[in-house]
Amino acid sequence: MPKPPTGRPGGPLATVLPAALLLLAIGGSLGSCSSRLVPLAPAAVRAGRVAAPGSGSIRLDGEWRFSPGLFFVGGAEEAETLFARGEGHYLKVPGVWNGLQPAFGRGTYQTAIEGLEPGRLYALQFKGLSSRAEIRADGRLLGAWGERGVHYLPTSYYFTPRDSTTLLSVSVENRLFSTGGIWYPVVFGGIEGVDRSAQAARFIDIALFGGILLMAIYHLGLFFHRPKEKAPLYFSLFCLLGVAKAGLSGEQILFFLFPRLDQGLGLRMAYLLTVAMPLAFLAYIQAIYPTRRHAVVGAGLAALGLPMVLLAAAAPYHLLQTWFWPYQVAIAAASAHVVAVVLGALRRREPGAGLMLAGFVVLVAAAANDILHDNKIIVTFYAMNAGLIGFLLVQALVMGGMFSRAFLQIEELNESLEGKVAARTRELEELSRVDALTGLLNRRHFWTILNGEWERLRRYGQDFALALVDLDHFKEINDSRGHAAGDEALRRMAAFLSQSVRATDRVARYGGEEFCLLFPNTGAEEAGVAMEKARSRAAAELGFTFSYGVAQASRHGGAEDLVKAADDLMYAAKAAGRNRGATEADAAAKGDA
């Protein structure tokens, strides 16, 4: 196998891009994984010695021999002499030398890797060195780290041992950062195992990157569809900031995608994003759980964030790292505020509060880990990407619930509105058919019914009678007792007539104090008997009388003629003295006589 070039990034990007495209398509389905939880066995480096793995790769964690103040540049014999003399100290890797010497300084780490296969190609991958380094195997230079300034991109170095033991020397010089040393695990193994673990880590980081990006695009689309709902906008902004932050940590995805991007600028951007993300998140919480306290907390964060922005933009890196802690404390305080707000919502049993709290706890735990890891208080891994995708997935459920409830409310409102419209339509239809004062059929609808009856008479010979009724002396009731009494007389008359006829008969207010009654399948004589019975009871039950006229439909050529005949008979009854009736049956009998 040909020996690959030294100092190249760990593994070809071309093998990762298909995975990136796939994971962008599935939207971060690996979001529950951490970009640092690549299955690597930590080897116990004791007194500067470690056994090589038979296959795969390991982490060279443990006690490396450390020579403070020395930047080693010698050959194999000098390296062995330095290691054999036993001078110096044992220093934990991953870790920093700040407790042993000032941050700005130099030192050489050494460990002997035993049990190697001579002639086999091995690889070393470094992910965190502060800030410049040279890596040697048996005195042979494998490559340099950070020659051009700030360097965070994971980088692999390769060598082929001549015998079963190789002395690894890593000389580090720090002139940039607030801590110095090898502060991230060193991965070692055969080239296949190291490249495979590097690609797997990058694969998962791209999955998280793509998942967060899709979350941002999705919720931005929701905002465009419902611009009055601000929560999706702030959530999308938080996601976009998270995408940029995710690309500048861990496997440094943005530097793989944009190789010419200055890594020093990327470090400053990461701090600026750390300032902006809590403000965007607070705006999102304000949209979900509005309260005046958000404004106070947001103003405090913004006030403290302004000098942090200036610090991130222009200050030397070691000062930026040293003096950024006040804002990290402010983030912790804002997180406590958000927890209190969500707990209040949980006590009020607001929908989605439990999920919101669970997701936020995951996010806070990841952020706390990263802050402690970044300040070298603990040595773990950057968990923000995994915490962020976990939080975003939970928030997607919360917002999905919000939109689902909004949709259900809209459906309920639509159903309610449809019911009200239907009821109002029925009411309007009823008003179009019914007289408002008496509740009887109005004149227009009565004519519709009358024309229908006339059509049945014409087609099927079903005869009917029609009666017109007029209250006697109605003007005197209005003049002496007022229009309210007149209206009451009309209502009483309407109820009286409705109760005096059959259920199949139709009663309508024809106009003023006139009423019209239609008797289906009934002759004028029979209808006259019914009307006469009602008239005889009217004076006692109503306190006033009425006159009527009854006409037979089959005696006339049309509905208009029928109505006119009944009207003429009614006026004949009134002319004869009122409180009486006249029917065509009576008129026919007199004519025969």
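In this report, we go over the structure that sits alongside the text. All chains use their own residue numbering, which begins from 1 and follows the written sequence. For this predicted model, a pLDDT threshold of at least 70 governs which residues receive local features, and a threshold of 80 or more governs which side-chain atom pairs are given and counted, while totals over whole chains, interfaces and linings are taken from all residues. Hydrogens and water are ignored here; the side-chain numbers use all heavy atoms of the structure.

### Looking at the sheet that holds strand E17 (residues 514-520)
Part 1: The pairing criterion for strands is at least two bridges between them, as found by DSSP. Numbering of helices and strands runs from the N terminus; a helix is a DSSP stretch of H or I covering at least four residues, while a strand is a stretch of E covering at least two. One open sheet accounts for 5 strands, arranged E16-E17-E15-E18-E19; its pairing is mixed. Each end of this open sheet is capped by a strand with a single partner; those strands are strand E16 (506-511) and strand E19 (581-583). When strand polarity is set aside, the average angle formed by the axes of neighbouring strands in this sheet is 20°.
Part 2: Bridge count for E16 against E17 is 5 bridges, and the pairing is antiparallel. Following the sheet pairing, arginine 506 is matched in E17 by leucine 518. For helices, the axis comes from a line fit to the C-alpha atoms of the stretch in contact; other axes are also lines fit to C-alpha atoms, and the angle between any two N-to-C directions lies between 0 and 180 degrees.

### As for the packing of helix H14 (residues 483-500) against helix H15 (residues 524-542)
Part 1: H15 packs onto H14 with a crossing angle of 140° between their chain directions and a minimal axis gap of 11 Å. Overall, the two elements H14 and H15 adopt an arrangement that is oblique. Crossing handedness for the pair H14 and H15: right-handed. Residue-level contacts link Arg492, Met493, Phe496 and Ser500 of H14 to Ala534, Arg537, Ala538, Glu541 and Leu542 of H15.
Part 2: When residues are sorted by character, Ala, Val, Leu, Ile, Met, Phe, Trp, Tyr, Cys and Pro go into the nonpolar class, Asp, Glu, Lys and Arg into the charged class, and all the rest, Gly among them, into the polar class. Partitioning the contact of H14 with H15 into residue classes produces 5 nonpolar, 1 polar and 3 charged. Oblique is the label for every angle not falling under 35 degrees (roughly parallel), over 145 degrees (roughly antiparallel), or within 65 to 115 degrees (roughly perpendicular). In this scheme the crossing of two helices becomes right-handed for a clockwise turn of the near helix relative to the far one and left-handed for an anticlockwise turn of less than a right angle. Here, two residues are considered to be in contact whenever any of their heavy atoms come within 4.5 Å of each other.

### A few points about the side chain of asparagine 478
Part 1: Mapping asparagine 478 onto the fold places it in helix H13 (residues 474-481).
Part 2: Here asparagine 478 falls in the buried class, since its relative accessible area comes to 15%.
Part 3: Discounting chain neighbours no more than four positions away, the residues touching asparagine 478 are His483 and Gly486. The cut-offs for exposure are 20% and 50% of the maximum accessible area for each residue type, with area from a 1.4 Å probe on protein chains only; residues under the lower value are buried, those over the upper are exposed, and the others partly exposed.

Treat this as a map of the structure, not an account of what it does.
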